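Structure at a glance
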Amino acid sequence: MLKFALALGIAYEWLFGATVFALPSLETAVIHAVCATLLAWMVLETFYVLYKAAMSLDPRPPGQRRR
């Protein structure tokens, strides 16, 4: 999931970030890309956990379940 989050974070900064003309603006762009990456990673992991939880539920009706 981290590789997808990294790609999303870099793409976000590339599309919506400020133009880099000097070293301080490059530092700001890197910090924004890292924050966007971490946010994307948290969202992807949350969806993955919710998917795994939904897939672990028993699909049988309550009357057919064994104890």
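Sequence order as written defines residue numbering, which begins from 1 separately in each chain. Side-chain atom pairs in this predicted model are given and counted only at pLDDT of 80 or more, local residue features only at pLDDT of at least 70, and totals for whole chains, interfaces and linings cover all residues. By convention in this description, side-chain values take in all heavy atoms of the structure and omit both hydrogens and water.

A word on the side chain of Glu-13. Here a strand is any run of E in DSSP of at least two residues, a helix any run of H or I of at least four, and the numbering for each starts at the N terminus. Turning to its location among the elements, Glu-13 is positioned in helix 1 (residues 2-16). The residues touching Glu-13, leaving out its near neighbours within four places in the chain, are Ala-18, Ala-29, His-32 and Ala-33. Any pair of residues with heavy atoms lying within 4.5 Å of one another is described as a contacting pair.

The rule for a salt bridge is simple: a side-chain nitrogen of Lys or Arg has to be within 4 Å of a carboxyl oxygen of Asp or Glu. Taken as a whole and judged by the stated rule, the model has one salt bridge. Here Arg-60 ties to Asp-58 by a salt bridge, and the two come within 3.0 Å at their closest N and O atoms.

Turning our eyes to something else, we now look at helix 2 (residues 23-55). Here a helix's expected span is defined as the number of its residues, less one, multiplied by 1.5 Å. Between its first and last C-alpha atoms helix 2 spans 48 Å; for 33 residues at 1.5 Å apiece the expected length is 48 Å, and the two agree. Among all positions in helix 2, only Ala-29, Ala-33, Ala-36, Thr-37 and Ala-40 are buried. On the buried face of helix 2, the contacting elements are helix 1. For every residue, the accessible area (1.4 Å probe, protein chains only) is compared with the maximum for its type, and the residue is labelled buried under 20%, exposed over 50%, or partly exposed between those bounds.

Now for the environment of Ala-33. The topology assignment puts Ala-33 in helix 2. When the C-alpha positions of Ala-33 and Glu-13 are compared, they lie 5.4 Å apart, and in sequence the two are 20 residues distant. When sequence neighbours within four positions are dropped, the list of residues in contact with Ala-33 reads Gly-9 and Glu-13.

Bringing the side chain of Thr-37 into the picture now. Counting through the fold element by element, Thr-37 comes out in helix 2. Residue classification places Thr-37 among the buried residues on the basis of a relative accessible area of 9%. At a separation of 2.7 Å, a polar atom in the side chain of Thr-37 contacts the main-chain carbonyl oxygen of Ala-33. Here Thr-37 is in contact with Ala-5, Leu-6, Gly-9 and Ile-10, once residues within four sequence places are set aside. Polar contact is defined as a pair of N or O atoms within 3.5 Å, subject to the rule that within protein one atom must be able to donate a hydrogen and the other to accept it, and that residues adjacent in sequence are counted only when both atoms are side-chain atoms.

The next thing to look at is the environment of Trp-41. If you trace the backbone, Trp-41 turns up in helix 2. Residue classification places Trp-41 among the partly exposed positions, given a relative accessible area of 32%. In the structure, Trp-41 is positioned 39 residues away from Leu-2 in sequence and 6.0 Å away in space, judged by C-alpha atoms. Sequence-distant contacts of Trp-41, that is, excluding residues within four places in its chain, are made with Met-1, Leu-2 and Ala-5.

A word on helix 1. In a regular helix each residue adds 1.5 Å, so 15 residues correspond to 21 Å; helix 1 covers 21 Å between its end C-alpha atoms and thus fits that length. Along helix 1, the residues classified as buried are Ala-5, Gly-9 and Glu-13. Take helix 1 and look down its axis: the buried residues cluster within an arc of 65°, on one side only. Every exposed residue of helix 1 that faces more than 90 degrees away from the buried side is listed here: Lys-3, Phe-4, Trp-14 and Leu-15. It is the directions from the helix axis to the C-beta atoms that the arc portrays.

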